[in-house]
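What follows is the residue order along each chain.
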Amino acid sequence: MTSPAQLPLIVSAGEALTDLVTAGDNRWVAHPGGAGWNVARACARLGIFSAFAGAVGQDNFGDDLTSASGEAGLDLRFLQRVPAPTLLAVVYQLTPPAYRFLGENSADLHFDPAQLPQGWLDSARWLHVGGISLSRWPLADTLLGVIQGAKAAGVRVSFDPNARITHRHPDYPAVFRRVAGLSDLMKLSDEDLAFFFPGRAEDDALRELRGMNARCPIVITRGAQGATLYHSAGRADLPAAPVRVADTVGAGDALCAGLLVSATERPEALWTDHLRTGLRAAAAACTRPGAYAPTRGDLEAVPLPG
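Residues numbered from 1 in each chain as written. Predicted model: local features only at pLDDT ≥ 70, side-chain atom pairs only at ≥ 80, totals over all residues. Heavy atoms only, no water.

K.L.:
Explain the pairing of strand 13 (residues 234–238) residue by residue, including any values.
P.N.:
With five bridges connecting them, strand 12 (residues 227–231) and strand 13 associate as antiparallel partners. Paired with Leu-229 across the strands is Ala-236, a residue of strand 13. Joining the antiparallel neighbours strand 12 and strand 13 is a turn of two residues. (Pairing = 2+ DSSP bridges. Helix = DSSP H or I, 4+ residues; strand = E, 2+ residues; numbered from the N terminus.)

Now the structure itself:
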């Protein structure tokens, strides 16, 4: 059991939302989700005391997210309930995926860092940010303040932008550059690179990212082809772990969790080792349908890639 006096080692801040997915014939299925929440849940399921810092509504969707957070072992002191509707992602078409966000004045925008447990920055090793939260105002400015406070306290920052339609906001590029410059780890998919650097070759996009932050390890995921690590020692290409894939929903969030858990448990290890753990976590997530958060047992059952 975790003592109430203990505080989490990994905090993921941003959006928790409900994915409202079409089931055809005017039927819909609701699933707790959101990039920031998915990463926090996966870190907790992998055995590191973690928290999601954000706000959900005092409604049935907020109830579901709170219940799922407790079941995953997240520190519920970081999850705020406010009198506003929970953010919704409406997936109205499955192939190819098509969706819209319903979030005008929704709960996520009312997150208040002043209500977080006292001393959390003294315990946290990593703060994870990204998703659509940094493209939604005033939440983006709120999170920038949290990031700056974390850096001042010596907490390392992980950034996964996780490209979505909300990132077309004209003010987002400046936020992207600011967060990239403060990051101690960046993870992007090859699709993210094409979204944020349209028409640019990967080497050109990486040069621009390096211009924002010359020291930060950068992980580029490539689906079934594995991932590439760009770091101070050069470039390392690692294959995906071989598993029978049910679907790839949530694989990127699981990979982030694997990276953060490994870097928290073994800060002295090489980033290639951390990435191998991340790839195993992603592969384990792919063996189950939906945004499955793997356990340590699931991860250990996956062959070590590379």
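K.L.:
Outline the sheet that holds strand 4 (residues 50–57), listing residues and values.
P.N.:
Strand order in this open sheet of nine strands is 5-4-1-8-9-10-11-12-13, and the pairing throughout is mixed. Each end of this open sheet is capped by a strand with a single partner; those strands are strand 5 (79–82) and strand 13. Direction aside, the axes of adjacent strands within the sheet are offset by 15° on average. Where strand 9 (residues 156–160) meets strand 10 (residues 185–189), two bridges bridge the pair, whose relative direction is parallel. Of the residues in strand 10, the one forming a bridge with Ser-158 is Leu-185. Where helix 5 (residues 172–182) meets the sheet, it contacts strand 8 (126–130), strand 9 and strand 10, and its direction lies at approximately 140° from that of strand 9. Against the sheet, helix 9 (residues 271–286) touches strand 8, strand 10, strand 11 (218–221), strand 12 and strand 13, its axis set at about 155° to strand 12. (Axes fitted to C-alpha atoms, helices over the stretch in contact; angles between N-to-C directions. Contact = heavy atoms within 4.5 Å.)

K.L.:
Before we move on, could you go through the packing of aromatic side chains and cite the residues and values that matter?
P.N.:
Taken as a whole and assessed by the stated rule, the structure comprises nine aromatic pairs. Centroid distance Trp-126 to Trp-271: 6.3 Å. Interplanar angle 85°. Geometry classified as edge-to-face. Pair noted here: Trp-126 is in strand 8 and Trp-271 is in helix 9, with a separation of 145 residues, a long-range link. Like Trp-271, Trp-126 is buried. An angle of 75° between the planes, with centres 5.0 Å apart, marks the rings of Phe-195 and Phe-196 as edge-to-face. Each residue in the set Phe-159, Tyr-172, Phe-176, Phe-195, Phe-196 and Phe-197 is aromatic and connected to the rest through ring pairs, giving one cluster. The ring of Phe-195 has Arg-168 lying over it, and the distance from NZ or CZ to the ring centre is 4.0 Å. (Phe/Tyr/Trp six-rings, centres within 6.5 Å; stacked < 30°, edge-to-face > 60°. Buried < 20%, exposed > 50% of the residue type's maximum accessible area, 1.4 Å probe, protein only. Lys NZ or Arg CZ within 6 Å of the ring centre and 35° of its normal.)

K.L.:
Could you give an account of the layout of surface pockets, naming the residues involved and the relevant values?
P.N.:
Unoccupied space between atoms shows up once a probe the size of one water molecule is rolled over them. Empty space within the second largest pocket amounts to approximately 200 Å³. Along the walls of the second largest pocket sit His-167, Arg-168, Tyr-172, Pro-173, Phe-176, Arg-177, Phe-195, Phe-196, Phe-197, Arg-200, Glu-208 and Met-212, which together make up its complete lining. Of the residues in the lining of the second largest pocket, the class split is seven nonpolar, one polar and four charged. (1 Å grid on protein atoms, 1.4 Å probe; cavity = no way out; pocket = protein on both sides within 12 Å on 5 of 7 lines; lining within 4 Å. Points joined across faces, edges and corners; volume = space filled by probe spheres on them. Nonpolar A, V, L, I, M, F, W, Y, C, P; charged D, E, K, R; others polar.)

K.L.:
I'd love a proper account of the side chain of Ser-189, names of residues and values included.
P.N.:
When you line up the elements, Ser-189 lands in strand 10. Using a relative accessible area of 13% as the deciding quantity, one classes Ser-189 as buried. Setting aside residues up to four positions removed in sequence, Ser-189 forms contacts with Ile-220 and Thr-221.

K.L.:
Can you break down the side chain of Arg-136 residue by residue, with the values?
P.N.:
Tracing the chain through its elements places Arg-136 in the loop between strand 8 and helix 4 (139–152). Within the structure, Arg-136 has its side chain in polar contact with the backbone oxygen of Gly-103 (distance 2.8 Å). Sequence-distant contacts of Arg-136, defined by excluding residues within four places in its chain, comprise Leu-87, Gly-103, Ser-106, Asp-108 and Leu-109. (Polar contact = N/O pair within 3.5 Å; in protein donor to acceptor, adjacent residues only side chain to side chain.)

K.L.:
Please set out the nonpolar core residue by residue, giving values where relevant.
P.N.:
Trp-120, Leu-127, Phe-159, Phe-176, Leu-188 and Leu-209 are the most contacted members of the largest nonpolar core, which has 48 residues in total. Apart from the residues within four sequence positions on either side, Trp-120 is in contact with Leu-7, Val-11, Phe-78, Leu-127 and Val-146. Listed in part, the 29 residues of the second largest apolar core include Ile-10, Val-39, Ile-48 and Leu-185. (Core = buried A, V, L, I, M, F, W, Y, C linked by side-chain atoms within 4.5 Å.)

K.L.:
Any chance you could break down helix 7 (residues 202–212) for me, citing the residues and the numbers?
P.N.:
Along helix 7, the residues classified as buried are Ala-205, Leu-206, Leu-209 and Met-212. Looking straight down helix 7, one finds that the buried residues subtend no more than 110° of arc, so they occupy a single side. Exposed and facing more than 90 degrees away from the buried side of helix 7 are Arg-207 and Gly-211. Tucked into the core, helix 7 has its buried residues touching helix 5, strand 10, helix 6 (190–196), strand 11 and strand 12. (Arc of directions from axis to C-beta.)

K.L.:
For the sheet that holds strand 7 (residues 98–102), give the residues involved together with the corresponding values.
P.N.:
Across a sheet, paired strands are connected by hydrogen bonds in the backbone, their directions being either parallel or antiparallel. Strand order in the open sheet formed by four strands is 3-2-6-7, and the pairing between neighbours is mixed. Edge positions in the open sheet fall to strand 3 (27–33) and strand 7, since each of these has one partner strand only. Neighbouring strand axes in the sheet, compared pairwise and without regard to direction, differ in orientation by 25° on average. The sheet contact formed by strand 6 (residues 88–93) and strand 7 spans five bridges and is antiparallel. Paired with Val-91 across the two strands is Tyr-99, which belongs to strand 7. Across the sheet, helix 2 (residues 60–72) touches strand 2 (17–24), strand 3 and strand 6, and the angle it forms with strand 3 is around 45°.

Coordinates in, geometry out; function isn't part of it.
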